[in-house]
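Fold and geometry: a report
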Amino acid sequence: MAEATVRPAVAGSDIRASDADRDRVAEILREALAEGRLDAEEHAERIDAVYRAKTMGELEPVVRDLPAGGARPQPEPSPREYGPGGQAADQNLVAIFSAANRKGRWRVPPRINAVAIFGSVEIDLTEAVFPQQRVQINVTSVFGSVEVRVPENITLRSSGSGILGSFEVETHEAADGEAPEVDVQGFALLGSVEAKPKRGAWIRDLRDRLRGERHEWRDELRAERHARMGELRAERHARFDQLRAERQERREERRDRRRFG
């Protein structure tokens, strides 16, 4: 009988660190700098170590002596906060003489149906995962209330109405065309529907991507500046060579005049 091949277990400290893991540790260092726990030189040294780290074990010592770094850095959970992935099934939130809520870290389906009849429904998307770009929320509020909270950096739209009730949606267009879109539809009959961004809540992956674009822009400017400096150096060298050749030519002309003069 052939012997089974046993693969050695990978220790937690040997797990490869992702860009999101490094950014999470860098955020701890930024907070420590702002609180005065690190000076500028220490912060710069540790940030350099963070972005040179290859494994989770190399990240751990960087924040071991900081309040938020007491626990071992954990790999970024999957899926990402905003990115490709399988779509979840529609979700129904029904509150009849009761309350229903969905909050925390959860995978948002493409469609959510919220019904509040003499009850209340709360939908919090500020920490949610968006597998797809567009999310539709269908709301029905009859003598009840439906409250929706979304991150600041997404698009929020509405096509609902209030019938002897209130249907208030704080519409917003995200600056990034690829940001998630949440469309709140439905009606409120002698009830209320409210949807608006939660101040200070952002989708981290989208924020990091925008920061990455700014870094790329700075890198492009730096590269252009270096290229221009190289061109100027080349022009100076060419000009020096031309002046040297002209001086040599004049010396030869004077020498010829003296010789044959």
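The coordinates are above.
Read on for a plain summary of the structure. (Residues numbered from 1 in each chain as written. Predicted model: local features only at pLDDT ≥ 70, side-chain atom pairs only at ≥ 80, totals over all residues. Heavy atoms only, no water.)

**Section: a nonpolar patch on the surface**
On the surface, V94, I96, F97, F118, F143, I163, L164, F187 and L190 cluster together to form a nonpolar patch covering roughly 920 Å² of accessible area. For L190, the position within the fold is in the loop between strand 10 (181–189) and strand 11 (192–197). Classification of L190 as partly exposed rests on a relative accessible area of 38%. (Patch = residues over 30% accessible without salt bridge, like charges linked within 9 Å, V, L, I, M, F, W, Y side chains within 5 Å. Areas by Shrake-Rupley, 256 points an atom, 1.4 Å probe, with all protein chains shown as cover. Salt bridge = Lys/Arg side-chain N within 4 Å of Asp/Glu carboxyl O. Helix = DSSP H or I, 4+ residues; strand = E, 2+ residues; numbered from the N terminus. Buried < 20%, exposed > 50% of the residue type's maximum accessible area, 1.4 Å probe, protein only.)

**So, the side chain of Q132**
Within the secondary structure layout, Q132 lies in the loop between strand 4 (120–124) and strand 5 (134–142). In this structure the side chain of Q132 is engaged in a polar contact, spanning 2.9 Å, whose partner is the backbone oxygen of V108. (Polar contact = N/O pair within 3.5 Å; in protein donor to acceptor, adjacent residues only side chain to side chain.)

**Points about a negative patch on the surface**
On the surface, D39, E41, E42 and E45 cluster together into a patch of negative charge. Residue position: E41 is located in helix 2 (residues 40–52). For E41, a relative accessible area of 57% corresponds to the exposed category. (Lys, Arg positive; Asp, Glu negative; His and termini not counted. Charge placed at Lys NZ, Arg CZ, Asp CG, Glu CD.)

**Brief notes about the pattern of salt bridges**
For side chains bearing opposite charge, pairing can occur when the charged atoms are close. As enumerated under the stated definition, the model contains 9 salt bridges in all. Note that R149 and E147 form a salt bridge whose closest N and O atoms lie 2.9 Å from each other. Between D241 and R244 there is a salt bridge, with the nearest N and O atoms lying 2.8 Å from each other. In this pair, D241 and R244 are both assigned in helix 4 (residues 204–260), 3 residues apart and thus about one turn of the helix distant. One connected set of salt bridges, linked through shared partners, spans E147, R149 and E194.

**Notes on the side chain of Q136**
Within the secondary structure, Q136 sits in strand 5. A relative accessible area of 15% means that Q136 is categorised as buried.

**Section: the sheet that holds strand 2 (residues 99–102)**
Ordered in space as 2-4-6-11-9, the 5 strands form an open sheet in which the pairing is parallel. Across the chains shown, the open sheet's two edge strands, defined by having one partner strand only, are strand 2 and strand 9 (166–169). Pairwise comparison of adjacent strand axes, ignoring direction, gives a mean angle of 5° for this sheet. Bridging between strand 9 and strand 11 involves 4 bridges; their strand directions are parallel. Across the sheet, residue F167 finds its bridge partner in strand 11, namely V193. (Pairing = 2+ DSSP bridges. Axes fitted to C-alpha atoms, helices over the stretch in contact; angles between N-to-C directions.)

**What to know about unusual backbone geometry**
In the Ramachandran plot, F143 falls in the positive-phi region, its phi being about 55° despite a non-glycine side chain. With respect to the helices and strands, the residue F143 is situated in the loop between strand 5 and strand 6 (145–150). Overall, the relative accessible area of 42% leaves F143 in the partly exposed class. Unusually for a residue other than glycine, L164 sits at a positive phi of about 55°. With respect to the element layout, L164 can be found in the loop between strand 8 (161–163) and strand 9.

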